[in-house]
Amino acid sequence: MPDPAAAARAAKLRARIEDANHRYYVLDDPSIPDAEYDALMRELEALEAEHPELASDDSPTRTVGTRPDGGFPEVRHAIPMLSLANAFETAGVPEDADDRTRYAEVADFERRIEQRLGVSAPVFSVEPKLDGLAISLRYEDGVFVQGATRGDGASGENVTANLRQVRAVPLKLRIGKSPPPAVLEVRGEIYMPRKAFADWNANALERNEKLLANPRNGAAGSLRQLDPAVTRRRPLAFFAYGVGEVVGLELPDTHSQTLQLLRGFGFPVASEVDTAVGLDGLLAYFRRIGELRDTLPYDIDGVVYKLDDYDQQREMGFVSRAPRWALAHKFPAQEQATVLRAIEVQVGRTGAITPVARLEPVQVAGVTVTNATLHNADQIARLDVREGDTVIVRRAGDVIPEIVRVIEERRTVGAAPWTMPSQCPVCGSQLVREEGAAAWRCSGGLACAAQRKEAARHFASRRAMDIEGLGDRQAEALVEFGFVHSPADLYALTVEDLVRMKAALDAATAADLAEAVADSRGALLLDPRGQALLADDAYEWKNAAFLRRHLAVDLSGKLATRWAENLVAAIAASKATTLPRFLFALGIPHLGETTAKSLAQWLGSLDFIRSTPAVLLQALPDIGAEVGRSIATFFEQPGNAAVVDALLAAGIVFADESPPSAALRERLGLAHLLEALPVDKLGGKSAERLADIYVTLDALLRANASGWTGAGLSSAGAENLAAYLADVEALADLRAADVAMRRLLDAAPAQAARAQGPLDGKSVVLTGTLDSMTRDEAGERLEALGARVAGSVSKKTHLVVAGENAGSKLAKAQELGIETWDEAQLLAFLAKHA
Ligand code: IVH
């Protein structure tokens, strides 16, 4: 009489396992982590062993994988493709228990073999257990004729066309002169190398495409593509680990020799494959590969032990779905399920925002994981991860743990989709996202504590404020040791501050170096001033106190003080600067040196630049919508505005401020304001007509929609404009832009006062190496003659100056038929206009 409770539990387990099989093998979309699947399977096996009346031939414990689902033609395997029995670490045993207790299942496996064969310490072939997809490759008369997946073990899917695209699968056997075997089936694993997987995902992330959940999934999904051209683009590889049907070829006596033979035929075999003797040999191999696991170029989920001698294999035979002569010894799983407590955002040193998952702590591959990366907002949307969800966390090698999918079946009711916060968690500035970009960023560049180091480093750098003696490391150290919070603090530094900072930096460097020396041995090291030391010399240095003394001799006395005095003077000297340098130094995203110069030329003063709204900035040449928005948003953040004010209060002055350019009159006006509005059916032509008739914004606003149609706007356009202006904020923005515009136009001189240069209005690109001057110098001289120097060649470029070894820019100029000069022509021109 079957036990009804056990029968019900068995039915439930089978249903869950079958569902998981279908998701894993057919849909390539696993629902539960492997570790959980293994646990269900083991519970069912134990139940069936205890209640033999419950066992049935179609139980998932007796079958392998799942039947093919019809996407590809079916192939019957001449010799079934079997599975392996699994061994895990004994549950609940402490880590320091002896190996035989910890790995009791492996010990049992080895003992059963010794007893049944009556031998002691048999020889095994020991192999990494590759985490990919099992396939069988059939060669007839030495030629690849058919490739199939494992399917349910008896028949699989015919994926020959796709396998032909995998470079590691030989299309012919390498045999030399001897006749090829009539039939040779080679079995092995298709997998995606780790690096290829990471590159693939990095690329997908950039292009906003779906990420592969893990290398195994990537391999399976790629092989089951209906279009072989798609498979071809996927970076797949193959390792052979056995044979199926063999006709017309005498196999050697052992499995390890067969693997050698396969190598000779041209099949890749994992180089970690080895032989081992007895239980001690097996466990030593398990440990060795376990240590290598993170450094291997492919994912493995354990090792496989196979009795090496074919006669001994035959004697051991099979049970239901697996041979008694082989065992898969599994490592701790790299994927685990856990609960996502919260999604928080982190700010990087450049302001990039990364969402981070805070997790219910979970052990993954031997490490407790509490945080995982979610990459970016798109990835969160793609995975549809919500706070409170049960998720699968993956940690492979030394990569940051990541969330690969959600177990939707376990979602609690009421869990809401996640949305990006609107403000930076560190400084409260607005978070912004550029059109088409995956990343959000904090717009509080100068005021955000997370970005302080980067802000100070960039501010002091040569192309920005050019503070001599303040290198990247020192600029960052000033922030690290609390002497500087924002670039404005630089101007309050004293000689004593700098001497103290230098001492702190040297002590930290000495400690770092001592640590590096301690774990070097034979390596080349750099001393704190960047000089190479051989490790042999470095042993002399290994005492941190000695190092500190060594450095102190140099720097605590006169040298440090002189350095600090020079630096204070250099900082003071940097106060007299130019507007473009200062703008560039602020580190506004997308504001490069060219844009900084152009802004300064058009708007003339910092006062105008910082108060001009994005719609007006966009009207300037070289400033697109994105750059305009970035500049305006930067200055709108109260934190940034405070730092800019502090810098001015510290005495920064510009030698080159001027009124706005007279040419602004051609670019700005009511028509421009109207055209820039995001209003449908209000294009350039109708904006101009409205501007001609109303002249001022006030007059336009006093009229109503019917007035606008009378002035030539279509009724749809008028309706849209009225609806847009009904929004209080939109209307306020428009009025503010109008005020700013009139302020600019009032300040601009009526006539273009600028002297005419020979290169006025011309866009020039410099490329390659010049002999007689640097590219920067050449650029400055060309700018003095009216040119605008740009970084890349486009249809709008007028001239390309190409020095030695000019590359793609010169080629592009030639392709576009743009005038090009060599250095001699440049020099002749400069001489003529000197
Ligand atoms: S031998 C009868 N060797 O593990 C023996 N399998 O759980 C059949 N696998 O379907 C397999 N590395 O996908 C063997 N070195 C290896 C392996 C390996 C990975 C996979 C293979 C197989 C599964 C069995």
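Residues numbered from 1 in each chain as written. Predicted model: local features only at pLDDT ≥ 70, side-chain atom pairs only at ≥ 80, totals over all residues. Heavy atoms only, no water.

A. Molecular detail of the overall build of the protein chain. When helices and strands are counted, the protein chain shows 34 helices and 28 strands. Its C-alpha atoms give the protein chain a radius of gyration of 36 Å, clearly above 28 Å, the size a compact globule of 834 residues would have. When its C-alpha atoms are laid out on the principal axes, the protein chain stretches across 105 × 80 × 60 Å. Split into buried and exposed, the 834 residues of the protein chain put 48% on the buried side. Considering only contacts within the protein chain whose residues lie at least 6 apart along the sequence, 67% involve residues at least 24 apart. (Helix = DSSP H or I, 4+ residues; strand = E, 2+ residues; numbered from the N terminus. Rg over C-alpha atoms; globule rule 2.2 N^0.38 Å. Buried < 20%, exposed > 50% of the residue type's maximum accessible area, 1.4 Å probe, protein only. Contact = heavy atoms within 4.5 Å.)

B. View of the sheet that holds strand β27 (residues 799-802). Taken together, the four strands give an open sheet; going across it, the order is β26-β25-β27-β28, and neighbouring strands pair in parallel fashion. Each end of this open sheet is capped by a strand with a single partner; those strands are β26 (788-790) and β28 (819-821). Neighbour-to-neighbour, the strand axes of this sheet turn through a mean angle of 30°, independent of strand direction. Here three bridges tie strand β25 (residues 763-767) to β26, and the two strands are oriented parallel to one another. Its bridge partner lying in β26, V764 is registered against V789. This element, helix α33 (residues 808-815), spans β25, β27 and β28 of the sheet and lies at about 140° to β25. (Pairing = 2+ DSSP bridges. Axes fitted to C-alpha atoms, helices over the stretch in contact; angles between N-to-C directions.)

C. The pairing of strand β13 (residues 326-330), seen in detail. In terms of burial, β13 is a largely internal element, five of the five residues being buried. Judged by which residues are buried, β13 turns out to be covered on both faces: A326, A328 and K330 on one side and L327 and H329 on the other are all buried. As defined by bridge partners, strand β2 (residues 86-87) adjoins β13 across two bridges and the pair is classed as parallel. Along β13, the bridge assignment pairs N86 with A328.

D. Highlighting the site of the ligand. The environment of the ligand is made up of 14 residues, and the closest members are E127, R150, E189, Y241 and K306. Between R150 and the ligand, the recorded distance is 2.9 Å, taken from a side-chain N or O atom to an oxygen atom. Of all the elements in the fold, those that place two or more residues in the shell around the ligand are β3 (123-130) and β10 (300-307). Per-element accounting of the shell around the ligand gives the leading share, four residues, to β3. Per-class residue counts for the shell around the ligand are eight nonpolar, one polar and five charged. (Near = heavy atom within 4 Å. Polar contact = N/O pair within 3.5 Å; in protein donor to acceptor, adjacent residues only side chain to side chain. Nonpolar A, V, L, I, M, F, W, Y, C, P; charged D, E, K, R; others polar.)

E. View of the packing of aromatic side chains. Tallying each qualifying case throughout the model produces 13 aromatic pairs. Between the aromatic rings of F109 and F124, the centroid separation amounts to 5.9 Å while the plane-to-plane angle is 40°, which identifies the pairing as tilted. Of the two residues, F109 sits in helix α4 (residues 104-117) while F124 sits in strand β3, which places them 15 residues apart along the sequence. Across this residue pair, the class does not change: F109 and F124 are buried. Look at F634 and F635: their rings are 5.3 Å apart centre to centre, the planes differ by 90°, and that puts the pair in the edge-to-face class. Like F634, the residue F635 is buried in the burial classification. Three or more aromatic residues joined by ring pairs make a cluster, and in this case those are Y103, F286 and F331. (Phe/Tyr/Trp six-rings, centres within 6.5 Å; stacked < 30°, edge-to-face > 60°.)

F. Quick peek at the pairing of strand β7 (residues 183-191). Counting buried positions along β7 gives nine out of nine residues, so the element sits mostly inside the fold. Strand direction decides the pairing type here: strand β4 (residues 133-140) and β7, joined by eight bridges, are antiparallel. Opposite Y139, over in β7, you have L184 as the bridge partner. Direction of pairing for β7 relative to strand β8 (residues 237-247): antiparallel, over a ladder of eight bridges. By the bridge assignment for β8, G188 is matched with A240.

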